[in-house]
Amino acid sequence: MVMKMEPAMRLLLVVAVVLFLPAVIAAQTSQTPIQGGDHIRLPLPPEVEKTPVVDNYFGAKITDDYRWLEDAKSPETRDFIDKQMAYTDRYLKQARIRPEIADNLDALIHVTSWSTPVQRGDSYFFIKRLSSEDQPSIYIRHGWAASSTAKPASKATSAKQGNTEIGKDIRLIDPAVLSRDPNTSVSLLDVSQDGSMLIYGVRQGGADEEEVHFFNVKTRKTLDDSLPAARYNSVDFAPDLSGVYYSRFTHQGSLVSLHKFGTRPSSDPLIFGREFRGEPLAEMDLISARVTDDGHYLVVVVNRGVPAKRVDIVYRDLRKPDNPFELLIWGFDSRFSPLYANGDWYVRTDYKAPKGRVLKAIPGGVAPEAWDVIVPEGPDVLDGANIVGNKLFIHRLKDVKSETAIYTLQGKAAGTVEYDGIGDASGVSGSAKDRYGFYSFQSFIQPPSIYRYDTVTGKQEIFAQPKTPFDSTQYELKQVFYKSKDGTQIPMFIAGKKGLKTDGSERLLMTGYGGFNLSETPEYLIANHYTSPAHFAISGRSNGGLLMGAAMTQRPDLFSAIWCGYPLLDMLRYQKFELGRLWTSEYGSAENEKDFPYIRKYSPYQNVKPGTAYPAIMFFTGDSDTRVDPLNARKMAALMQSATSSKRPILLHYSLKSGHSAGVSAAQLIDDYADQLAFLWTESGARTADRP
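Residues numbered from 1 in each chain as written. Predicted model: local features only at pLDDT ≥ 70, side-chain atom pairs only at ≥ 80, totals over all residues. Heavy atoms only, no water.

As a further point, take the nonpolar core. Grouped together as the largest cluster of nonpolar side chains are 33 residues, with contacts concentrated most on Met552, Phe619, Met636 and Met640. Broken down by secondary-structure element, the contributors of at least two residues to this core are helix H2 (75-94), strand E38 (536-541), helix H7 (543-554), strand E39 (561-565), strand E40 (616-622), helix H10 (631-643) and strand E41 (650-655). It is H10 that provides the largest number of residues to this core, a total of seven residues. Formed by 26 residues, the second largest nonpolar core is a distinct cluster that contains Ile40, Ala537, Ala561 and Ala674. (Core = buried A, V, L, I, M, F, W, Y, C linked by side-chain atoms within 4.5 Å. Buried < 20%, exposed > 50% of the residue type's maximum accessible area, 1.4 Å probe, protein only. Helix = DSSP H or I, 4+ residues; strand = E, 2+ residues; numbered from the N terminus.)

Rendered as structure tokens:
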């Protein structure tokens, strides 16, 4: 039966529906399970099965509901990842600020950039990425010329090298030629002293492992020889260029071998490893091997743990066949870093000097007490030391600002390197025999620039400086100090646009790594009204991801949004996966009865409390992380989604390509950063009208 409706009645019904719809929408919005910033709405996260596994730690029973997510290859785990990424994509498609952020990042990242060069004679070898490219290539430049202001070379140099190449950047290794995968990257590992050959690595995505290849600079061809994909601690040319010394990490210990060109790597003889002087060398002992610039010695450094609490150094004279390794330092529970110049040995060390000093070493097992002090311990931490142009460049951190002092090899003060403002410098690198050294400098509001330093005159010239579309004059950087619980003055940098309000309304992003210590909570920034918890976002990756895990579980009330990248989170089990065993020297291990109570107190995964109002969180990881196992982020995301009572988004951003190390394409980098920043901006209280 069809019922006729009069026009007036139809009009009345339409009006009623129009009036009723806002109430329906409001009711639906209020009932939306998950409510993000900027009106983002989500359903509940994908349901994740709990399969309890109970472990007994010295009488304490600990339940793990998501142990099954540790198996990255199981169909169940892959299904979990697919559903989580679909859920995260649903959030990101609603983040209205993301396209704007991606456009800004595209302009900032697609600029020509350089690495600090390696000088060999009159040639410079470096990494460079053009603004239009996804990956950097390896280049050579013959003769000195700053990249932005190339100058003609002298007639003598022109005659020697030919006019066509002087001052030009010439591409040697292009990753786009090696693979169609835009996430294939190359690294410059070593250049022979005569500049005729170089060693480069090839890495897929962000994995730690890389293949090693050898390139003849004169013929512009890669040799047939190569070393298979692995974690290499070092690769150095033998002095006669007949092969390379390399150290490869294995879970049974680092092994130093000699590869002769034209032979199979499987037959490479072991040079150092497994044991020395009756002492076993195992997985925790990271070994590197370098050849001195004069080709006289192979120097082997044994780092005991990460970070090392004991470092041993031995060396072999390569001028005599089958020479035994001799001692520079062995068996002292302190850190030593070797420096070599003109046949003399020096070390940077914290032996009886917690903030560091430089000693002139006496080989042969002589105790450090008998060594001469070249640079004494000072009030600031000695962060690095290099010998360039037969001068010592001492890099220190003063209130977390870079300062570099210069000394003669006899320890006499010889000036300082002047930097352009408050920031971070790399320290001066180069060779004892070279006149020039190189360093990079950057700050929170200055992009990195690379400088050449003349060790004779002190003159500094720009080697390369990116043309970044960023007006630093509109921003300001200042340093402030606040007291920790023990009264120590802690330095902190605050960067932002000029005229920053201090009424608590500004959105603030705080980043942290934490070294291998947990930082105090940032009460200072809130107490001084730089921001408020509703607008406060924090981010950190790797060990900084652990710092984020501690922050979200210990003080969830302080933050509005947290980005937790490539993190360690299950500290009761981290040592069982990937490189975790190496870090037990710093974190300890729950397998040790003494360590267990302390680790249990702070381990983020074991300190999630159901019913707590946690802030918005994005866990960020990927399959190519072969350093910190992605299981940490998978398990923590599932647990947090189950536990939180805040109705704020808890997301897992999981990439099938990116990983812990550098190497992803510029396009992938832009996408990843855009996702990260869009989340942090949106969840730190931003509204559409408040966009910068």
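Moving on, we get to the packing of aromatic side chains. Tallying each qualifying case throughout the model produces 34 aromatic pairs. On the numbers, 4.9 Å between centres and 35 degrees between planes, the contact of Tyr315 with Trp345 is tilted. In this pair, Tyr315 sits in strand E21 (residues 310-317) while Trp345 sits in strand E24 (residues 344-349), placing the two residues 30 residues apart along the sequence. Pair check on accessibility: Tyr315 and Trp345 agree, each one buried. Here the aromatic residues Tyr124, Phe126, Tyr139, Trp144, Phe438 and Phe463 are joined through ring pairs into a cluster of three or more. Just above the ring of Tyr139 sits the side chain of Lys128; from NZ or CZ to the centre is 5.3 Å. Over the ring of Trp144 we find Arg452, and its NZ or CZ is 3.7 Å from the ring centre. (Phe/Tyr/Trp six-rings, centres within 6.5 Å; stacked < 30°, edge-to-face > 60°. Lys NZ or Arg CZ within 6 Å of the ring centre and 35° of its normal.)

This brings us to the packing of helix H3 (residues 98-109) against helix H11 (residues 666-683). With their axes 9 Å apart at the nearest point, H3 and H11 run at an angle of 140 degrees to one another. When the interaxial angle is binned, H3 and H11 end up oblique. For the pair H3 and H11, the crossing hand works out as right-handed. Packed against H3, whose contacting residues are Arg98, Ile101, Ala102, Leu105, Asp106 and Ile109, the element H11 presents Ala666, Leu669, Ile670, Asp671, Tyr673, Ala674, Asp675, Leu677 and Ala678 at the interface. Residues that form the contact of H3 with H11 fall into these classes: eleven nonpolar, no polar and four charged. (Axes fitted to C-alpha atoms, helices over the stretch in contact; angles between N-to-C directions. Parallel < 35°, antiparallel > 145°, perpendicular 65-115°, else oblique. Left-handed = near helix turned anticlockwise from the far one by under 90°. Contact = heavy atoms within 4.5 Å. Nonpolar A, V, L, I, M, F, W, Y, C, P; charged D, E, K, R; others polar.)

Before going further, it helps to examine H11. The α-helix advances 3.6 residues per turn, and as a result positions three or four apart in sequence lie on the same side. When the terminal C-alpha atoms of H11 are compared, their 25 Å separation across 18 residues agrees well with the 26 Å that a helix rising 1.5 Å per residue should span. Turning to H11, its buried residues are Ala666, Gln668, Ile670, Asp672, Ala674, Asp675, Gln676, Ala678, Phe679, Leu680, Thr682 and Glu683. Looking one or two residues beyond H11, the residue adopting positive phi is Gly685, at roughly 95 degrees. (Expected span 1.5 Å × (residues − 1).)

We now examine H3. The end-to-end C-alpha distance of H3, which contains twelve residues, comes to 16 Å, matching closely the 16 Å that a straight helix rising 1.5 Å per residue would cover. Within H3 the residues assigned to the buried category are Arg98, Ile101, Ala102, Leu105 and Ile109. Seen from one end, H3 has its buried residues packed into an arc of 100 degrees, which puts them on one side. Summarising the contacts, the buried residues of H3 are in contact with H2, strand E7 (123-129) and H11. (Arc of directions from axis to C-beta.)

Secondary-structure assignment places Lys83 in helix H2. Residue class for Lys83 comes out partly exposed when judged on its relative accessible area of 43%. Counting along the chain gives 37 residues from Lys83 to Pro46, while the straight-line C-alpha distance between them is 6.5 Å.

Purely spatial values, then, with no claim about function.
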